[in-house]
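Architecture and fold: a report
In case you want the letters, here they are:
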Amino acid sequence: MSAIDPTAIPHAAAHAAAADDHHDHPPHLAHHFDTPEQQFDAAKVGMWTFLATEILMFGGLFCAYAVFRFNNPDVFRYSEHHLNTTLGAINTVVLLASSLTMALAVRAAQLGQKKQLCILLCLTLLGGFGFMGIKAKEYYDKYHHGLMPGAYNSYDRAGNPEGFQEHVLPGILGAGGHGEAAEHAVAEHGISDQSQTTYDAAPSDPEDITPAHPAEGTASQEGQAPGGAEETVDDAAAQVELNQRLSRIGPSYVDPHAGQSDAAKVRPNFAATTGVVTSQLPESHGVTYTDLSVKEQSNIKAFFSIYFLATGLHGIHVLVGMGLITWILIRSAAGAFGPAYFTPVDLVGLYWHLVDLIWIFLFPLLYLIH
Amino acid sequence: MGGILEANRADVHRDNYLTHGKTIRSWAFTVDHKRIAIMYMVGVLSMFGLGGIFALLLRLELITPGPTFNSDPTASNNFYNQMFTIHGAVMVFLFIIPSIPAIIGNFVLPIMLGAKDVAFPRLNLASLYFWAIGALFFVYVLLSGAIALIFDITLPGGFGLDTGWTFYTPYSTSASTTGVIPATLGAFILGFSSILTGLNFIASIHMLRPKGMTWFRMPLMLWALYSTALIQVLATPVLAITLLLLVAERALHIGIFDPIYGGDPILYQHFFWFYSHPAVYIMVLPALGVISEIIGVMCRRHIFGYNFIALSSIAIAFFSFIVWGHHMFASGQSPLMNAIFSLLTFSVAIPSAVKVFNWLATMYRGSIRLVTPMLYVLSTIFVFLIGGLTGLFLGSLSVDIHFHDTYFIVAHFHYVMMGVTLFALLAAMYYWYPKMFGRMYNERLGQIAAIIVFTGFNLTFFVQFVAGAQGMPRRYATYEEQYHIYHIISTVGSWVLGLGLVMVLFNWVTSLKTGKIAPPNPWGANTLEWQTSSPPPHDNFKVTPAAGDPYALRRWQFVKSNDPAVADGWELKPEFRARLEAAGPGHRVDHRDDDDEDGGSQPAVPMPG
């Protein structure tokens with residue numbers, strides 16, 4: 001008996017192999033799959049695995065959000081008024097609707113309804129454009145208010161003093177002394193609208209941690225009169241420079257509700273994480289800038305960093321999804337999909353649903369919780 | 001009797017995957033997993049060479065307690081920082097993480113499944129492209145900086161990197177003046193290669209198993225590759241977002257990692273190690289799978305405790321995700337977290353030990369053939385023992401406080417990463433060399449090189465345990481006189497190790513032309529890749545073989561070669577041939593008659609000449 005040669009084709013199988021070469025197998029069946037069902041199932045396994053990787057990646061970002069929020073809860077309460085909840089809600093509805101049209105498109109592909117498929121894909125694409133358009137408007141508004149991420153953020157007093165003067169300071173001081181904090185200070189403490197507690201009570205000499213009693217800090221305070229634009233700018237600049245020096249010796253916490261004693265005015269608190277205990281504030285009182293500790297004030301810009309990172313990364317994924325939908329649309333118009341083969345439509349649909357799902361998480365976490 | 005072997009002599013000239021298409025285009029645009037594996041091999045081993053050169057340079061710097069290359073201490077230290085960063089980053093990202101999955105996994109996985117290719121062949125090619133682009137990018141950034149430093153020139157984009165492969169903040173975000181951003185982006189690109197390869201393997205193992213190959217009838221290599229793929233797919237995206245955040249911090253000062261901008265550097269460490277700890281299991285699991293594959297064959301014994309070994313791979317993958325904090329015992333975590341991570345770290349040692357005990361039981365009363373792959377397998381088990389046990393030392397919270405950031409850590413991870421992964425890669429390369437290239441390597445040279453590599457490795461790294469225990473800090477270019485002797489021994493050991501590895505490479509390259517022609521099954525193994533020719537044809541099998549117990553070695557009998565140019569091999573015993581033919585392609589064969597799990601070993605066979 002001849003030794004077996006595993007590479008030789010047994011007689012029966014040779015016939016089958018020859019037959020295989022001649023019978024027409026489905027055009028989309030790749031050579032390494034046995035049946036179209038196996039190929040489709042493999043594609044689904046692959047796509048779901050890929051979606052899992054995307055979830056893990058955004059998960060890291062959500063983790064960063066959670067850590068930041070846990071460490072700076074009042075920053076979130078303060079910053080949320082910069083986000084336009086209405087626009088965010090419209091975006092949510094737009095994306096949900098586009099997910100619906102996408103699901104219907106997959107169904108149309110399965111049923112071989114080419115015209116419906118193309119229309120529904122167009123509608124999905126339109127939804128994507130709508131989402132990005134509204135996002136662009138939101139980003140533009142942020143740009144207009146000097147709220148770009150990182151070093152360009154107006155809340156970065158030390159790094160971006162011009163931006164701070166231009167965008168944030170007016171809100172605190174108010175035109176004519178009627179800003180939010182000014183009113184708050186007047187109502188709560190009977191302090192004249194010329195002096196802002198946290199802002200002015202920072203010590204004038206970094207080595208001297210005894211505080212600026214409102215009466216003592218007159219030199220810097222008089223310059224705060226909103227009427228004198230040049231003095232405001234000069235003294236605001238000086239104040240900014242001061243705070244810059246102060247931030248290097250650690251955060252100091254000024255309790256606007258504290259008594260008048262020097263010791264209570266300013267106490268260096270290197271472990272300070274929150275400003276005013278916001279639960280003790282009256283219901284109607286939103287968190288204002290001066291309620292935050294110096295540390296939290298310097299962390300406001302991190303809120304915007306997280307906002308831009310999260311929505312930006314999501315936006316990039318929306319753009320990629322739109323590109324994929326365009327590709328599928330072109331192929332659908334050419335009649336590539338039908339009941340026998342609709343895998344690409346299915347997989348792009350899965351991707352789009354994931355993009356929608358991520359937004360469903362982002363929207364409440366950024367816009368709604370405050 | 002010589003029919004099979006003579007037929008295979010013709011195989012070398014018959015169309016196989018190497019001869020199927022000879023243009024550069026056919027290689028650059030191939031979707032054949034075997035060709036992709038060979039291209040990975042060339043690239044990954046080149047990166048190993050690059051990382052190795054910097055290791056030798058490092059050790060040369062360390063042979064004297066003061067600066068060795070450059071008399072100016074600051075310049076010397078700056079250069080040293082770049083050297084160990086290049087060594088670490090190239091070895092981790094470009095060599096070890098891809099190594100066994102990309103080279104051995106890509107080549108062997110589809111064939112072990114009796115399939116024609118992986119589930120997504122074009123995605124496989126994309127993985128290769130991502131690796132290559134990331135490698136070019138990364139190596140350019142790192143090397144250009146080092147060269148600019150050495151020769152005092154300015155290269156375009158000559159940034160270099162001196163943060164260590166771990167990119168710890170806040171040094172990497174604000175203080176380092178080197179190319180942190182381009183290097184990070186290079187690592188980001190490389191991550192995609194890892195993710196897509198893992199994705200491919202998961203889909204392949206789920207969907208492409210033949211009839212009869214249930215999950216618990218798969219070769220253990222596939223269990224290992226599956227567990228590795230799970231980690232690749234779940235952990236690498238976290239590295240992706242970490243690197244993106246690092247880039248954003250450095251470029252935009254967003255305030256997440258750097259205290260100057262309001263961030264938390266320990267947060268970076270948590271993010272980084274959440275990926276990097278599972279990553280070390282990406283490095284180790286395929287290596288352990290290789291050992292499981294080879295050891296039974298070389299002892300002529302069915303693997304002992306198949307179910308336990310298979311499930312231990314999954315257990316290691318699971319536990320690897322919950323122990324990352326043990327890299328941060330000295331970073332200021334709360335004592336409670338430290339204690340929890342320490343306890344969990346002990347748990348991850350258990351499945352690893354399960355494997356080692358099963359291997360030992362496999363060897364017991366076996367008839368052991370000390371061919372080169374087996375020498376590396378034995379070396380791996382030995383160094384895994386040392387590396388793994390020292391890992392327990394480091395997992396003990398109190399002990400780690402003393403050992404953290406000393407040479408004890410350096411020695412530990414070199415024992416596990418280099419000792420286990422590299423030795424297992426060498427074992428795998430020698431074991432599957434005949435299958436890949438249709439030639440046998442030179443056995444005598446292989447054995448001598450194996451002994452030199454083993455000796456050099458232990459010389460280099462064992463003394464580092466002692467040095468570390470006595471307080472020699474890591475990443476220091478200069479040190480106290482008391483550590484001098486350890487560094488001398490270690491550096492000399494590195495030369496021995498380098499010599500051995502060069503001999504290995506020489507063996508592989510020259511045997512391509514001068515090696516004996518390999519039969520389909522030179523080792524007498526029963527996994528499906530040995531039932532096709534060496535090298536395999538373009539689509540792997542002429543007829544899909546029947547799946548059965550992957551370790552039923554009794555089916556095979558040794559056949560001596562009459563032709564001096566052709567190596568000895570194994571062929572199926574006649575009684576099994578008939579049963580396989582009757583079962584037909586891809587069908588399961590009743591295993592009860594040939595399962596020798598509780599049997600003794602087969603008789604000893606002569607060593608290959």
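Conventions we followed
- The residue numbers shown here count from 1 along each chain, following its written sequence.
- In the order they appear in the text, chains get letters beginning with A and ligands get numbers beginning with 1.
- Given that the model is predicted, a residue must reach a pLDDT of at least 70 before its local features are reported, and side-chain atom pairs must reach 80 or more before they are shown or counted; all residues, however, enter totals for whole chains, interfaces and linings.
- Heavy atoms throughout the structure, all of them, feed into the side-chain values; hydrogens and water do not.
- Every helix listed is a DSSP run of H or I at least four residues long, and every strand listed is a run of E at least two residues long, numbered separately from the N terminus.
- Atoms counted for the radius of gyration: C-alpha only. Globule rule: 2.2 Å times the number of residues to the power 0.38.
- Residue burial is assigned from relative accessible area. The probe radius is 1.4 Å, only protein chains are included, and a residue is buried under 20% of its type maximum, exposed over 50%, and partly exposed in between.
- In short, Shrake-Rupley with a 1.4 Å probe defines the accessible areas, and a residue's cover is counted only from the protein chains shown.
- By the counting scheme adopted, Arg and Lys are positive, Glu and Asp are negative, and His together with the chain ends is not counted.
- A charge is said to be at NZ when it belongs to Lys, at CZ for Arg, at CG for Asp and at CD for Glu.
- Predictor confidence is given residue by residue as pLDDT, running from a minimum of 0 to a maximum of 100.
- Residues count as neighbours in contact if any of their non-hydrogen atoms are within 4.5 Å of one another.
- Among buried residues, the Ala, Val, Leu, Ile, Met, Phe, Trp, Tyr and Cys ones that are joined through side-chain atoms within 4.5 Å form a nonpolar core.
- The term buried area denotes the loss of accessible surface (1.4 Å probe radius) that occurs when two parts are joined, taken as the sum for both partners.
- Definition used for salt bridges: Asp or Glu carboxyl oxygen within 4 Å of a side-chain nitrogen of Lys or Arg.
- Throughout this description, a polar contact denotes any pair of N or O atoms lying within 3.5 Å of each other; where both atoms belong to protein, one of them has to be capable of donating a hydrogen while the other can accept it, and for residues adjacent in sequence the pair is counted only when both atoms sit in side chains.
- Gly is placed with the polar residues, together with every amino acid not listed as nonpolar (Ala, Val, Leu, Ile, Met, Phe, Trp, Tyr, Cys and Pro) or charged (Asp, Glu, Lys and Arg).
- A residue's bend is the angle separating two fitted axes: one through the seven residues that end there, the other through the seven that start there.
- Two strands are counted as paired when DSSP detects at least two bridges linking them.
- For helices, the fitted line uses only the C-alpha atoms of the stretch in contact; every axis is such a line through C-alpha atoms, and the angle between N-to-C directions lies from 0 to 180 degrees.
- For this classification, under 35 degrees means roughly parallel, over 145 means roughly antiparallel, 65 to 115 means roughly perpendicular, and everything else is oblique.
- We call a crossing left-handed when the near helix sits turned anticlockwise from the far one by less than a right angle, and right-handed when that turn is clockwise.

Here's the deal with the overall build of chain B
A count of helical and extended segments in chain B gives 18 helices and two strands. A globule of 609 residues ought to have a C-alpha radius of gyration of about 25 Å, and chain B, at 24 Å, matches this closely. Counting only C-alpha atoms, chain B reaches 75 × 50 × 45 Å along its principal axes. A buried classification covers 64% of the 609 residues belonging to chain B. For chain B, the computed accessible surface area is about 21,100 Å², with 69% contributed by carbon and sulfur atoms. A gap of 10 Å separates the mean positions of the 34 positive and 33 negative side-chain charges of chain B.

Structural notes on the confidence of the model for chain A
Per-residue confidence for chain A averages 72 on the pLDDT scale, and 60% of its residues sit at or above 70. Residue range residues 246-278 of chain A is modelled with pLDDT below 50. Its contacts to residues more than four positions away, or to other chains, number 70 contacts.

With respect to the nonpolar core
Among the nonpolar cores identified, the biggest contains 258 residues, and Ile104, Trp359 and Trp432 of chain B are the most heavily contacted of them. Apart from the residues within four sequence positions on either side, Ile104 of chain B is in contact with Ser99, Leu109, Met221, Leu425, Ala428, Met429, Trp432 and Met436 of chain B.

Comments concerning the interface of chain B and chain A
Across the contact, 44 residues belong to chain B and 39 residues belong to chain A. Summing both sides of the interface, chain B and chain A together bury roughly 3,600 Å²; the carbon and sulfur share of this comes to 75%. The interface formed by chain B and chain A holds zero salt bridges in total. Our count for the contact surface shared by chain B and chain A stands at four residue pairs in polar contact (both at pLDDT 80 or more). At the level of elements, α1 (3-13), α8 (180-207), α9 (220-252), α10 (265-299) and β2 (569-572) of chain B are the ones that each hand at least two residues to the side of chain B that touches chain A. Counting residues per element, the side of chain B that touches chain A draws most heavily on α9 of chain B, at ten residues. Of the residues belonging to the side of chain B that touches chain A, the class tally is 30 nonpolar, seven polar and seven charged.

Quick notes on helix α15 (residues 407-437) of chain B
Maximal helix bending in α15 of chain B amounts to about 40°, located at Tyr431 of chain B; proline Pro434 of chain B follows within four positions. Of all 31 residues in α15 of chain B, 31 are buried; the element is thus mostly enclosed.

With respect to the side chain of Asn124 of chain B
All names here are of chain B. Inspection of the secondary structure assignment puts Asn124 in helix α6 (residues 121-151). Taking relative accessible area as the criterion, Asn124 reaches 0% and is therefore assigned buried. Within the structure, the side chain of Asn124 is placed 3.0 Å from the side chain of Asn106, a separation counted as a polar contact.

A short note on unusual backbone geometry
Generally, phi is negative for residues other than glycine and the peptide bonds are trans, each holding for most cases. Residue and element names in this part refer to chain B. A cis amide bond links Thr169 with the next residue in sequence, Pro170, at an omega value of -5°. On the secondary structure map, Pro170 appears in the loop between α6 and α7 (171-175). Going from Ser534 to Pro535, the amide bond is cis rather than trans, its omega being -10°. Along the chain, Pro535 turns up in the loop between α17 (484-514) and β1 (556-559).

Comments concerning the pairing of β2 of chain B
All names here are of chain B. Going residue by residue along β2, you find Gly569 and Glu571 tucked away on one face and Trp570 and Leu572 tucked away on the opposite face as well. One ladder, built from four bridges, connects β1 with β2; its direction is antiparallel. Considered in β2, the bridge of Gln557 is made with Glu571.

Some thoughts on the pattern of salt bridges
Residue and element names in this part refer to chain A. The final tally for this structure, using the stated rule, is six salt bridges over all chains. Taking the shortest distance from any N to any O, the salt bridge between Glu138 and Lys135 comes out at 3.6 Å. Here Glu138 and its partner Lys135 are both found in helix α5 (residues 114-144), three residues apart, which amounts to about one turn of the helix.

A look at the packing of α10 of chain B against α15 of chain B
Residue and element names in this part refer to chain B. One can describe the packing of α10 onto α15 by two numbers: an axis separation of 9 Å at closest approach and a directional angle of 45°. Between α10 and α15, the interaxial angle falls into the category oblique. For the pair α10 and α15, the crossing hand works out as left-handed. Between α10 and α15, the contacting residues are Met283, Val284, Ala287, Leu288, Val290, Ile291, Glu293, Ile294, Val297 and Met298 on the first element and Val416, Met417, Val420, Thr421, Ala424, Ala427, Ala428, Tyr431 and Trp432 on the second. Considering only residue class, the contact of α10 with α15 consists of 17 nonpolar, one polar and one charged.

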